[in-house]
Structures are given as structure tokens and as C-alpha cells.
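Listed here are the chains, written in short residue letters.
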Amino acid sequence: MIRIRDYPLERKVVQGRIIFVFGLITILVILLVLRLGYLQIYQHQEFITLAQNNRIDFSPLPPVRGLIYDRNGEVLAQNIRGFNLDILPDEVQDLDNLLSQLGQLIELTDVHLKQFKKLLKQRPSFEWQTLKANLNQQEAAILAVNQHRYPGAELQARLQRHYPKGELIAHIVGYVGRISPADLENIDNQAYRGMEYIGKTGIEAYYESILLGKSGIEQVETNAHGRIVRRLQQTTPDTGKTIHLSLDIKLQQKSIEALAGFEGSIVAIEPESGEVLAFASAPGYDPNLFVNGISEADYASLRASERKPLVNRAIYGRYAPGSTIKGFISLVGMENGIDHSKTVFCPGWYSLPGLKHRYRCWKKSGHGLMDGYNAIVQSCDVYFYTLARQLGIDRMYEGMTRFGFGKPTGIDMREEPSGLMPSREWKRRVRNQAWYPGETIITGIGQGYMLVTPLQLANTTAVLANRGKKVTPRFLSAIQHPQTQVKQDIAPEITGIEKLGDDRFYEAVINSMRDVVHGARGTARTINRGIQYEMAGKTGTAQVKSVAQNQEYDKKNVEKKFRDHSLFIGFAPLNDPKIAIAVVVEHAGSGSQTAAPIARKLIDYYLIDRLELFDKQEPDSQSLTSQG
């Protein structure tokens, strides 16, 4: 046997190697100890935090959205508790399989699946997406006991926005909807952490910042599937503020009922404060359909309807005002030195000097001699053709815009259109054409290019009721803190007073409009039956399609879409106005026949039933209709 000690050189080599290995191991152990010390001492806090993040999460707590009430405390928008089935895509390995299995537990229609897949494309996969909202109790119970079998799916209790008045307030309050990619480009993402909904239309959109509230933060412990195991601590979210509207929901309901079977609008304003009392647009729709995403079939049905229920006619409907503006044209005439008592002969038609074309009066036999007072009372077109020619379009434009025609009212709603008060400059700019004398003539009776919205018409009527004082119309009457219940009333916004050369000008026109209703020959005289107060009013009948010179308008032979619109404006009581109203009923004939009776019924209801300014009387057996 050969032994190492017999070979001194080899022995030294082996010993050197052993020493080297031992030294290397020693160095590695020292380095390991140093590294462990560094990690344990110097980086202890960092790694503790990283470890905690594997099981601790910070989750945003969405606030409760503020409530909306009418002027008498009736709820218009509230939050109700409901259950949603939500999916977290990042936690799902086979999404199609999961959807198939869930479909065996609860009903999942093609609409639910289509909307969910649309959400997947719009929102990040690390956010919970709603597969089905507003589960019934049975569905919620089934999912509650089975959800542990489906990682990435969770039953969540949520507060859902709900509109108990439905169609009555759709065009006023509007609705909330899910935050879309387009919304994300225009909002502060930090302010909307954890939120799914945002105001889309109406008051919900205009006062979003007040109703929204502020998110809180919750620290939670989660398991490997991302489910919450326990809640550790939280910062409570701030509830959105409560807002009170000037709207009288009872008057609103009466207004919608009055328009039953028609398309049209009714706007009522309290002249002194500018508060909007009623804002009806018919037909309407159910805003609750939009909260969690309306189905394509329902939306297509609403869009395809010839009655256009999605159009808010009160603010976006634009109509020729017809004879409703004759009182304002008279004010412009008096302000420009035209004697209100001067008479004009009405043979039933009017022609410009040197021309054969006849501009007809609604009364074919003519009114005879007409002064300004009688021309308003009996709505003589020829008088106003003559007055329009005397004024000219330039003075008419300047005078009518003073009262608010052709301008937005400034109401608290988004994207209010202005209506149209035509002028030479407007026609040159928009149509690249000159202005013609005949266009001035028909503008004098509210036809031609002139357009108003029902809101604008009600607002100018309120200016007249105020004898020139302008108050911005608005819905918001008060903001209330949800915890302290402290209520902040919103003061009226007076924007100016249209003073005329003589205060008697206003009274002359208002006296004429009084006798439109109360006078023996007024065009709305039959609505004064049994009336307990004095009111001022003006009927209007606006042509939708012009009638040729050799033809006569016969309602029976005209398609509905070409029939005249029925309009009426008014305010009451005469010397202490509590309500100014504009009624527009599409294709319903003369203003005295349809719109005026509606206005009388609504003014009665507001002054007698709501404000209790007058005693109730037995209803008249004769209906409120007119032949004028």
C-alpha cells in the first residue's frame, strides 16, 4: 500500500488544497453572515413591507352619492341596496369556462354576456367588472354559497342609483351610467378611484362635483385568490351633498299628464326667483334603464321611435314662436316711437308696396281697424306685418334680443342652445345671402327663421311678468350637508332690468294680454270660465309647412307631421306673478284650442292646489276649449 506520508511533496499539495477549501468556505460563510445581517438589519423595513404587500392590499371605498329632492322634499334620485356578480379577469384562467359554469347557477342572457365582453375591452383587467347587476334574492343566495368554487367571481353588495319618479324626471334629473373610456379622458382618475358611475345627463351631470363625494381607503388582508380575508383599517369616504331642486314634482306630473298622447313641452317658472317649477318633455323614457347599461334592443327602440322620447324638447326643441311674440314686438315698436294707439286696417291680407304677393291674416275676412291693444287681443297678423315693416329687421333684432330671444337663458343644464333671432348679419354669415323685406314681414308674427325653445319662451314671459327684471332660470334651490344637515339656500341671480322709455309700455302690453284671456274678443277667452284670478296670456299657432297662395290650410287633409303647432304663454296672478308658463304642443292646431286650456289647468292647479292662494271650486261641466 502506498501512503501519502511516504511522498512529502504530494502531502504538501494535499494539505494546501485543504487549507484553500477551508479558507474559501470560511470566506463564504462570513459573506453569507454579512449578507444576512445586511438584509435583517439594514433592509428589514423594506422587506417587511414587501412581504406585507403579498397579503395586504389598499382598496378604495366609494362614497355614497348625494340625494336629489324636489322643492317639497320628495325624493327624485336615491341609492338602493343591490347585489352584483363581478368578475376580476386577472384572477380567471379560463374565462369562457367560468361564464359557462356561472350560467348554470343563474340566468345569464346574451345581453349580459355581450355587455360584459364590451366592458372587458374598455377597462383594465385588474379591475372588477360587473357581469350581472341587480340580482334577485334567489340568485344572490345561490351565488353566496357557491362563489368559493369560482376564483375571480364574487357577489358584491352595492348601492345602485334609482329614480323613483321614472319618466317624470328623466329630462331634468337625467341619469348616471358606467364610467366610459371617454369619461376617463376628462376626469380626475384619483377622484374616481373605486367608482363605477358618473353623471351622464341632466342635473346628475351638471352638479356631478357636488353629488360625487370623496372616496375613502380600506386596508384589507387577501388570500391567494385575491378574496378579502379580513378588513384591517379604513378611512371613511365622504358622502356626496344633498341637493334640493326648485321643481314641484306634483306640478310636473300634471304637466306630463296634460301632454298625454301629444309630443311637446311645458316649462313653468317662478318669475321673482327664476326657479323652474315644471319642465315637461313628452314623451319621456325610464332613466333607470341606463344606470347599469341599457340593452342594445331597448336603446335601438328608443332611438327608432318617431316620437323621439330621448329628445329633451323643453331645452333642445326649437320651434317657430308664432303669435306668442306679438306682445314683445309691440314693446319694441313703442320703444322705437310707434304709437300703440295708431290704427291699421286689416282686410285679411297684407302686401308689400308694388308686389302682388299676399301675406294672409288668420282671419280671412279681416279684423277691420286695429290698434296695438286690439291687435294683441285678437292676434291680428296684418297689424304686425305693418309694424314689422315699419321697424325693419335691424331694430327688431336689437329690441327682441334685449328680452332674451336668440340667447341662452343660462339655466343650470349642459349645452343649452340659443334659439334664433335672425338678422342681416346672421343670414349673410350662415347662408351667404342678403336679407329680403318679406322675411322681415313674417318675422313680425314669429315665423320664418325665428326659433325659440320652450325654456326660452317661458323665460321671456317671466321677464314680461317682472316688468323687465331678468332672473336667470335655475333648478338648484339649496345644497345640504349630509351629516350636519346644514342647508345653504341659493339666492336668485338677477342679471339686469330692461327699462323702457316709459314704464307704461309694459302695462299697455300686459293689459292687452290680460284681455286675450278675460276680454270678450280675446283669442283665449273661453279659458276664463270660472277663473278666480287675473292672468295675462297670448296664444300662438305656428306653421310647420307654408301654404301656397292659391291654397288654404285644411287640418283634415294635412299629414300630422305638417300640421300647425299649438302654443301659449301666460302668467298669473296679474300683479303678483307666482308662475309664468310656456306650452308647446306639436301638430295640435291653434294655440287657443289646445295649448291655452292646458296652461289654464296647470296654473289653476299650482295657485289653488299647491300654493292654496284661492279656494277650490267644483269643476266646470264645460271643457276648456276655444274656437278662436
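Residues numbered from 1 in each chain as written. Predicted model: local features only at pLDDT ≥ 70, side-chain atom pairs only at ≥ 80, totals over all residues. Heavy atoms only, no water.

**Concerning the overall build of the protein chain**
- A tally of regular secondary structure across the protein chain gives 20 helices and 23 strands.
- Across the 628 residues in the protein chain, those meeting the buried criterion constitute 50%.
- Looking at the protein chain as shown, the accessible area adds up to about 31,500 Å², and 51% of this sits on carbon and sulfur atoms. (Helix = DSSP H or I, 4+ residues; strand = E, 2+ residues; numbered from the N terminus. Buried < 20%, exposed > 50% of the residue type's maximum accessible area, 1.4 Å probe, protein only. Areas by Shrake-Rupley, 256 points an atom, 1.4 Å probe, with all protein chains shown as cover.)

**Considering the state of the cysteines**
- By the definition in use, this model includes zero disulfides.
- Cys361 carries a free sulfur, and the closest cysteine sulfur to it, the one in Cys346, is 4.0 Å from it. (Disulfide = S-S within 2.5 Å.)

**Here's the deal with a nonpolar patch on the surface**
- A grouping of Phe20, Val21, Leu24, Ile25, Ile27, Leu28, Val29, Ile30, Leu31, Val33 and Leu34 is seen on the molecular surface, where their side chains present a nonpolar patch of about 1,100 Å² in accessible area.
- Position of Ile30 among the secondary structure elements: in helix 1 (residues 8-42). (Patch = residues over 30% accessible without salt bridge, like charges linked within 9 Å, V, L, I, M, F, W, Y side chains within 5 Å. Salt bridge = Lys/Arg side-chain N within 4 Å of Asp/Glu carboxyl O.)

**A short note on the sheet that holds strand 22 (residues 565-572)**
- Across the sheet, five strands lie side by side as 12-11-23-22-21; this open sheet has antiparallel pairing. With partners counted over all chains shown, the strands left at the sheet margins are strand 12 (276-282) and strand 21 (536-542), one partner each. On average, each strand axis in the sheet is tilted by 5 degrees relative to the strand beside it, whichever way the strands run.
- On top of the sheet, helix 19 (residues 504-518) reaches strand 21 and strand 22; it is set at about 75 degrees to strand 21, its chief contact.
- Each of strand 11 (264-269), strand 12, strand 21, strand 22 and strand 23 (579-585) touches helix 20 (residues 595-610); the most contacted strand, strand 23, lies at about 145 degrees to it. (Pairing = 2+ DSSP bridges. Axes fitted to C-alpha atoms, helices over the stretch in contact; angles between N-to-C directions. Contact = heavy atoms within 4.5 Å.)

**Overview of the pattern of salt bridges**
- Taken as a whole, this structure holds 32 salt bridges when the rule is applied.
- Its salt-bridge partner being Arg158, residue Glu196 comes within 2.0 Å of it at the nearest N-O pair. Separated by 38 residues along the polypeptide, Glu196 in the loop between helix 7 (181-184) and strand 7 (197-199) and Arg158 in strand 5 (residues 153-162) bring together distant segments of the chain. The same class applies to Glu196 and to Arg158, which are both buried.
- Taking the shortest distance from any N to any O, the salt bridge between Asp609 and Lys616 comes out at 3.1 Å.
- Beyond isolated ion pairs, a larger network of salt bridges with shared partners links Arg65, Arg161, Glu204 and Glu208.

**Quick look at helix 5 (residues 137-146)**
- Residues of helix 5 that are buried include every one of Glu139, Ala140, Leu143 and Asn146, and no others. Down the axis of helix 5, the buried set is contained in an arc of 140 degrees. They therefore lie on one face. Opposite the buried face of helix 5, by more than 90 degrees, sit the exposed residues Gln137, Gln138 and Val145.
- Turning to helix 5, the residues buried within the fold contact strand 3 (75-87), helix 3 (95-105), strand 4 (129-132) and strand 5. (Arc of directions from axis to C-beta.)

**Let's talk about the pairing of strand 18 (residues 476-480)**
- Most of strand 18 is tucked away: five of the five residues are buried.
- In this structure, strand 10 (residues 242-245) lies alongside strand 18, joined through four bridges in antiparallel fashion. For His244, the partnering residue across the bridge sits in strand 18 and is Ala478.
- Where strand 18 and strand 19 (residues 487-489) come together, three bridges link them in antiparallel fashion. Along strand 19, the bridge assignment pairs Ile479 with Gln488.
- In this antiparallel pair of consecutive strands, strand 18 and strand 19, the connection spans six residues, and Gln485 shows a positive phi of 65 degrees.

**A few points about the nonpolar core**
- Core analysis: the biggest nonpolar cluster contains 124 residues, and Ile243 and Phe279 have the highest contact counts within it.
- Counting residues per element, this core draws most heavily on helix 15 (residues 381-403), which supplies 10 residues.
- Judged by nonpolar contacts, the second largest core, of 16 residues, contains Leu85, Ile106, Leu108 and Tyr150. (Core = buried A, V, L, I, M, F, W, Y, C linked by side-chain atoms within 4.5 Å.)

**Overview of unusual backbone geometry**
- Looking along the chain, the bond that leaves Ala282 and enters Pro283 is cis, with omega of 0 degrees.
- The topology assignment puts Pro283 in the loop between strand 12 and helix 11 (296-304).
- Backbone torsion omega between Ala572 and Pro573 reads -15 degrees, so that peptide bond is classified as cis.
- Within the secondary structure, Pro573 sits in the loop between strand 22 and strand 23.
- Although it is not a glycine, Asn134 sits at a positive phi angle of roughly 55 degrees.
- Locating Asn134 in the fold gives a position in the loop between strand 4 and helix 5.
- Even without a glycine there, the phi angle at Arg467 is positive, about 55 degrees.

**Structural notes on the side chain of Asp381**
- Inspection of the secondary structure puts Asp381 in helix 15.
- A polar contact of 2.6 Å, which involves the side chain of Asp381, links it to the side chain of Lys326. (Polar contact = N/O pair within 3.5 Å; in protein donor to acceptor, adjacent residues only side chain to side chain.)

**Here we look at the packing of aromatic side chains**
- Evaluated as defined, the whole model comprises 14 aromatic pairs.
- Relative to Phe290, the ring of Tyr285 has its centre 5.5 Å away and its plane inclined at 70 degrees; by these criteria the two rings are edge-to-face.
- An aromatic cluster of three or more residues is present, and its members are Tyr175, Tyr285, Phe290 and Tyr299.
- Above the plane of the ring of Trp349 lies Arg358, whose end atom (NZ or CZ) is 3.8 Å from the centre. (Phe/Tyr/Trp six-rings, centres within 6.5 Å; stacked < 30°, edge-to-face > 60°. Lys NZ or Arg CZ within 6 Å of the ring centre and 35° of its normal.)

**Topic: the packing of helix 13 (residues 326-335) against helix 15**
- Packing of helix 13 against helix 15 leaves a shortest axis separation of 8 Å and a crossing angle of 80 degrees. Taken as axis vectors, helix 13 and helix 15 run roughly perpendicular relative to one another. Note on element contacts: helix 15 touches helix 13 through Asp381, Phe384, Leu387, Leu391, Arg395, Met396, Gly399, Met400, Arg402 and Phe403, opposite Lys326, Phe328, Ile329, Ser330, Leu331, Val332, Gly333 and Glu335.
- Considering only residue class, the contact of helix 13 with helix 15 consists of 10 nonpolar, three polar and five charged. (Parallel < 35°, antiparallel > 145°, perpendicular 65-115°, else oblique. Nonpolar A, V, L, I, M, F, W, Y, C, P; charged D, E, K, R; others polar.)

**Thoughts on the packing of helix 10 (residues 249-258) against helix 20**
- At a minimum axis separation of 10 Å, helix 10 and helix 20 run at an interaxial angle of 160 degrees. One element, helix 10, and the other, helix 20, form an angle in the roughly antiparallel class. The hand of the helix 10/helix 20 crossing is right-handed. Seen from helix 10, the contacting residues are Lys250, Leu251, Lys254, Ser255 and Ala258; seen from helix 20, they are Ile598, Leu602, Tyr605, Tyr606 and Arg610.
- Class assignment for the residues of the contact of helix 10 with helix 20 results in six nonpolar, one polar and three charged. (Left-handed = near helix turned anticlockwise from the far one by under 90°.)

**Overview of the environment of Ile169**
- Counting through the fold element by element, Ile169 comes out in the loop between strand 5 and helix 6 (170-173).
- The exposure class assigned to Ile169 is buried, which follows from its relative accessible area of 0%.
- In this structure the C-alpha to C-alpha distance between Ile169 and Ala280, which are 111 residues apart in sequence, comes to 8.2 Å.
- With residues near it in sequence (within four places) discarded, Ile169 still touches Leu76, Tyr163, Gly174, Leu247, Ile249 and Pro287.

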